[in-house]
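Fold and contact review
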Amino acid sequence: MKTICKIHIPGRMTLGLEFPLDNDWSLEGEKKRKKQGRPFGIPDISKHTELIKLADKLGFAALWMREVPVYDPGFGDGAQIFDTLSYLGYVAAITDSIAIGTAAVVLPLHDPLQLAKAIATIENLSESRYLFGVGLGDRPVEFPLFGFDFETRAQRFVLNHEIIKEAWKEQSELNQYYEGLSNEIQVYPKPKNEIPWILAGRAKQSMDWIAQNMQGWFNYPRDVKDTEVLVREWKNALYDNNQASKPYISAFHLNLLKDADAPFTPHRFGGSVGINGLTQLMRLYELAGVNHMALHLRKSEIPVDEALKLIGQEVLPHFYPMNLQNTNG
């Protein structure tokens, strides 16, 4: 089975989760953060292991994490604190079936050979559950710290993509990228199965390039109407480039309210709603063409463990068919 099939059933939508698994942006979470003296954007991950295992047990399709190399108070975002690639190895070891994805690794900030080895390692150890989400990077402060130029990151993005793909071939020819390198030099391990590339945003590339080189497109949260426009753009690009169906992926910042019947109220990157209205809301995104939705729970009024159980019981059965593992993608 292709790895992408873990999140992609053409014409349907699967549900995943976005790290960190906390609710620090809720009123109660904000009080707790201040009491503990944590900076804004540095999450409470004290229960991360049990929450990860719970998400896997409940049947969520995927767990997604972002790469944030350094904490910048100006952005107020520490992501999931842990190093992305090291953490993925840990998550792979404590889960059984859930896909693990990055949304996204900042591709131009990495040495491509080191990254090729690290990603193939995760793919091997996770039994091909890894989704390689990559991005361009939008924080100028990070690039000089790693010795790279911010303005040329789009060109470096494409080059690193090419080198990593070459490194993963059974008999790669890396000498075309490195002067004086012997053809016998290889990077191991090789992936057990094809690793899906997922692009977060556009990385300053054309839609034709994205359609030809990526196995999925991950876009920032938008309302249903704007999402429909982007889905149409994605499908048109796939058609124009003779590509098979590939998933459109997005995220949703969910404030799951304690009032089960509370109607939907939109806010930036998502909205607030009671559990009884969440299925209908997600159905609208499915009808708009979203193939996979990653729920972000940092604003949830309901504690994360309770929210996961509620969604698992009331919502997942409508979006995650039990025969998913038998599909061909």
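Bear in mind the structure is a predicted one, so any value in this text is a computation, not a measurement. (Residues numbered from 1 in each chain as written. Predicted model: local features only at pLDDT ≥ 70, side-chain atom pairs only at ≥ 80, totals over all residues. Heavy atoms only, no water.)

1. Some thoughts on the environment of Pro189
- With respect to the element layout, Pro189 can be found in the loop between helix H6 (153-167) and strand S6 (197-200).
- Pro189 gets classed as partly exposed once you look at its relative accessible area, which sits at 27%.
- Taking the C-alpha atoms as reference, Pro189 lies 22 Å from Ser97; in sequence the two are 92 residues apart.
- Residues within four places of Pro189 in sequence aside, it is in contact with Lys117, Ala120, Thr121 and Asn124. (Helix = DSSP H or I, 4+ residues; strand = E, 2+ residues; numbered from the N terminus. Buried < 20%, exposed > 50% of the residue type's maximum accessible area, 1.4 Å probe, protein only. Contact = heavy atoms within 4.5 Å.)

2. Examining helix H8 (residues 224-240)
- In this model, H8 (17 residues) spans 24 Å end to end at C-alpha, consistent with the 24 Å of a helix rising 1.5 Å per residue.
- Taken residue by residue, H8 has Thr227, Leu230, Val231, Trp234, Ala237 and Leu238 as its buried positions. Projected down its long axis, H8 shows its buried positions confined to an angular sector of 125°, all on one face. Residues of H8 that are exposed and point more than 90 degrees away from the buried face comprise Lys225, Lys235, Tyr239 and Asp240.
- Tucked into the core, H8 has its buried residues touching helix H7 (207-213), strand S7 (216-219), strand S8 (248-256) and helix H9 (275-288).
- Of the residues one or two after H8, Asn242 is the one with positive phi, at around 55°. (Expected span 1.5 Å × (residues − 1). Arc of directions from axis to C-beta.)

3. Remarks on the layout of surface pockets
- Put simply, the largest pocket is a space of about 1000 Å³.
- Lining of the largest pocket is provided by 35 residues; of these, Arg66, Asp77, Asp138, Arg139 and Tyr220 occupy positions nearest its centre.
- Counted by class, the lining of the largest pocket contains 16 nonpolar, 7 polar and 12 charged residues. (1 Å grid on protein atoms, 1.4 Å probe; cavity = no way out; pocket = protein on both sides within 12 Å on 5 of 7 lines; lining within 4 Å. Points joined across faces, edges and corners; volume = space filled by probe spheres on them. Nonpolar A, V, L, I, M, F, W, Y, C, P; charged D, E, K, R; others polar.)

4. A closer look at the confidence of the model for the protein chain
- In the predicted model, the protein chain carries a mean pLDDT of 95, and the fraction of residues at 70 or more is 97%.
- Taken together, the stretch residues 322-328 has pLDDT below 50 and engages in 12 contacts with residues farther than four places along the chain or on a different chain. (pLDDT = per-residue confidence, 0-100.)

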